[in-house]
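# What the coordinates show
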Amino acid sequence: GGMNVLFIVVDDLRPVLGCYGDKLVKSPNIDQLASHSVVFSNAYAQQAVCAPSRVSFLTGRRPDSTRLYDFYSYWRVHAGNYSTMPQYFKENGYVTLSVGKVFHPGISSNYSDDYPHSWSVPPFHPSTEKYENDKTCRGKDGKLHANLVCPVDVTEMPSGTLPDIQSTEEAIRLMNVMKTNKQKFFLAVGYHKPHIPLRYPQEFLKLYPLENITLAPDPWVPEKLPSVAYNPWMDIRQRDDVEALNVSFPYGPLPDDFQRQIRQSYYAAVSYLDTQVGQLLNALDDVGLSNSTIVVFTADHGWSLGEHGEWAKYSNFDVATRVPLMFYVPGMTTSPASRGERVFPYLDPFSHILDLVPQGQSKKMVELVSLFSTLAELAGLQVPPACPETSFHVALCTEGSSIVRYFNASEEKVKEEKDGCDDTSRCFNEETVAFSQYPRPADTPQWNSDKPKLKDIRIMGYSMRTIDYRYTVWVRFNPNNFSADFEDVHAGELYMVETDPNQDYNIYNNTSHAWFLKKILG
């Protein structure tokens, strides 16, 4: 009994996908998955940087409980011996397998991707991953560089391949082994692209002629953006091609034509990713497991493509915190396929122009911290209990409740409740909320503002997103005892979604905050 789980997590992928309404991108395979899935259009990461986000959703605890805001501690030692989602599946009779980047490698997962706690066999990392940041990009001068924008000829790459191609091959091999051994599996596959460098097979550029690429709708730093909220995109400044532009610190901007090239390459990397996901899902059909495998597709956080004059993640804006999230559950989100019928035929992005729409769509605000309890419920396992107020001593509990209850909830009901609203507070109370946070070392952008080490954190930006607004307060934070002082507010942001969908007009200073502050502390 029990379904297998295929858990696909992508590095730095914001929802630039056809199934999320992006008209430019070619993502036929992910769109096809969406057409059999329930798709969450308002899903948010708890911190817009790799290690903290991944440890958060893999343990089902928020960053204030994992105490990981940087890359430099292992939660089991530093916070509490928390069970992880794969560990829970393993303890419930699943073979748990990790391919590619699932946990963030390094000290934050004990240099072992949390093996043997989380995984049945040692995790697989592609052998060519070590070349990611090397000089493998041929420049106009014919020489090799470590560029940000890096279309390549795969045959010229070390071993003639790329890390995500190797991960797809290994994941397919493992599915075949599981099928042969008739073993129930939880297989996590972590793809690297579109994480920088934007290194992908050069043919994907053909899908995106430069003349079709626009700048961000708001490529300027908003006038009322508090300086503490801004991230100065240090990581891309360190790439050879960006460094050569001599862009001023911290606000730039990058030259328009280069902004277009970054956006073009990000899209190309997404289409390359789509082909990998397509091959992986096509293999699920090949081994005959599409009817008995839950597929989850998500990302660890988003990535700013020039909005607010910012690049990369490292902020509390939607562009950095919002992620794609979809669940394919045979017999629940889709009727079971008849024998021999393919659910996921491979679609070539160079020829398939399909208008695939999500099977079901929810606009509820949801959080990645809910993944643990949601997957447990979908797989028919006992859902871990909700954590008590302080839970450092509790090994198995979760701070994100299951979102299965939203899978077929009609969206209409919300509308009626809203119309019958007389006072704001009751009106907003019906709503779901997503929380994110981001640390800063100082009130103004400096070299370590994007990724401050724990000991250097002085301010924490706590942010809440509802259907109507995003509200953020930047408060004093003490890294020695992990305490945030909401009496000491350094800056604030408030954006109304309906009139300001891109979050460019901060109205924090012309609003009374008592009510919002109560909500965020609640």
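For the structure given in this document, a descriptive report is provided here. (Residues numbered from 1 in each chain as written. Predicted model: local features only at pLDDT ≥ 70, side-chain atom pairs only at ≥ 80, totals over all residues. Heavy atoms only, no water.)

The subject of this paragraph is the overall build of the chain. If you tally the helices and strands in the chain, you get 14 helices and 17 strands. Against the 2.2 N^0.38 benchmark of 24 Å for 522 residues, the chain shows a C-alpha radius of gyration of 22 Å, consistent with a compact globule. Taken along the three principal axes of its C-alpha coordinates, the chain extends 60 × 60 × 45 Å. Put simply, the chain has 522 residues, and 61% of those count as buried. Sequence separation of at least 24 residues holds for 75% of the intrachain contacts in the chain that already meet a minimum separation of 6. Taken as a whole, the chain presents about 20400 Å² of accessible surface, with 51% of it coming from carbon and sulfur. Here the chain contributes 48 positively and 62 negatively charged side chains, and the mean placements of these two sets differ by 4 Å. (Helix = DSSP H or I, 4+ residues; strand = E, 2+ residues; numbered from the N terminus. Rg over C-alpha atoms; globule rule 2.2 N^0.38 Å. Buried < 20%, exposed > 50% of the residue type's maximum accessible area, 1.4 Å probe, protein only. Contact = heavy atoms within 4.5 Å. Areas by Shrake-Rupley, 256 points an atom, 1.4 Å probe, with all protein chains shown as cover. Lys, Arg positive; Asp, Glu negative; His and termini not counted. Charge placed at Lys NZ, Arg CZ, Asp CG, Glu CD.)

Evaluated as defined, the whole model comprises two disulfides. Disulfide partner of C137: C150, at an S-S distance of 2.2 Å. Between C137 and C150, the S-S torsion sits near -100°, and that sign places the bridge as left-handed. Taken together, the residues span a long stretch of sequence, with C137 in strand β4 (residues 137-138) and C150 in strand β6 (residues 149-152) at a distance of 13 residues. (Disulfide = S-S within 2.5 Å.)

Take the sheet that holds strand β13 (residues 360-367) next. Across a sheet, strands are paired by hydrogen bonds formed along the backbone, either parallel or antiparallel in direction. The strand order across the open sheet built from seven strands is β3-β7-β1-β9-β12-β2-β13, with neighbouring strands paired in mixed fashion. Bordering the open sheet on either side are β3 (95-100) and β13, each of which pairs with just one other strand. Taking the axes of each pair of neighbouring strands and ignoring which way they run, one obtains an average angle of 15° across the sheet. Taken together, the six bridges between strand β2 (residues 38-44) and β13 define a ladder with parallel strand orientation. The residue of β13 that forms the bridge with F40 is S362. Set on the sheet, helix α11 (residues 371-378) makes contact with β1 (4-10), β7 (185-191), β9 (293-299), β12 (322-328) and β13; between it and β9 the angle comes to about 165°. (Pairing = 2+ DSSP bridges. Axes fitted to C-alpha atoms, helices over the stretch in contact; angles between N-to-C directions.)

Looking now at the environment of S335. Turning to its location among the elements, S335 is positioned in the loop between β12 and β13. Considering only alpha carbons, one finds S335 and H36, 299 residues apart in sequence, at a separation of 8.8 Å.

We now examine the side chain of Q32. Note that Q32 resides in helix α1 (residues 28-34). Of the polar contacts made by the side chain of Q32, one reaches the backbone oxygen of P345; its length is 2.9 Å. Setting aside its immediate chain neighbours within four residues, Q32 contacts V343, F344, P345, L347 and L356. (Polar contact = N/O pair within 3.5 Å; in protein donor to acceptor, adjacent residues only side chain to side chain.)

Time to look at the sheet that holds strand β15 (residues 459-465). Strand order in the open sheet made by the four strands is β14-β15-β16-β17, with antiparallel pairing throughout. Two strands in the sheet have a free side with no partner beyond their single neighbour: β14 (434-440) and β17 (483-496). Across this sheet, the average inter-strand angle for adjacent strands is 20°, counted without regard to direction. As defined by bridge partners, β14 adjoins β15 across seven bridges and the pair is classed as antiparallel. Across the sheet, Y438 pairs through a bridge with G461, a residue of β15. Strand contacts of helix α14 (residues 514-521): β14, β15, β16 (469-478) and β17, with the helix running at about 70° to β16, the strand carrying the most contacts.

This brings us to the packing of aromatic side chains. All chains considered together, the criterion is met by 24 aromatic pairs. Taking the centre distance of 6.2 Å and the plane angle of 25° together, the rings of Y471 and Y508 count as stacked. With Y471 in strand β16 and Y508 in the loop between β17 and α14, this residue pair connects regions lying 37 residues apart in the sequence. By the burial criterion, Y471 is buried, and Y508 matches it. Feature note: the residues F7, F57, F89, Y94 and F186 constitute an aromatic cluster, connected by ring pairs. Positioned above the aromatic ring of W233, the side-chain terminus of R237 is 3.8 Å from the ring centre. (Phe/Tyr/Trp six-rings, centres within 6.5 Å; stacked < 30°, edge-to-face > 60°. Lys NZ or Arg CZ within 6 Å of the ring centre and 35° of its normal.)

The subject of this paragraph is a nonpolar patch on the surface. A contiguous nonpolar patch, built from Y72, I107 and Y111 and spanning about 350 Å² of accessible area, is present on the exposed surface. Among the structural elements, Y72 can be located in the loop between α3 (63-66) and α4 (75-78). By relative accessible area, which is 47% here, Y72 ends up partly exposed. (Patch = residues over 30% accessible without salt bridge, like charges linked within 9 Å, V, L, I, M, F, W, Y side chains within 5 Å. Salt bridge = Lys/Arg side-chain N within 4 Å of Asp/Glu carboxyl O.)

Let's shift gears to helix α6 (residues 163-180). Between the first and last C-alpha of α6 there are 26 Å, a value that for 18 residues agrees with the 26 Å anticipated at 1.5 Å per step. Within α6, burial applies to P163, D164, I165, Q166, S167, T168, E170, A171, L174, M175 and M178. Where α6 is buried, its residues contact β3, β7, β8 (198-201) and α9 (256-286). Following α6 by one or two positions, K182 adopts a phi angle in the positive range, close to 50°. (Expected span 1.5 Å × (residues − 1).)

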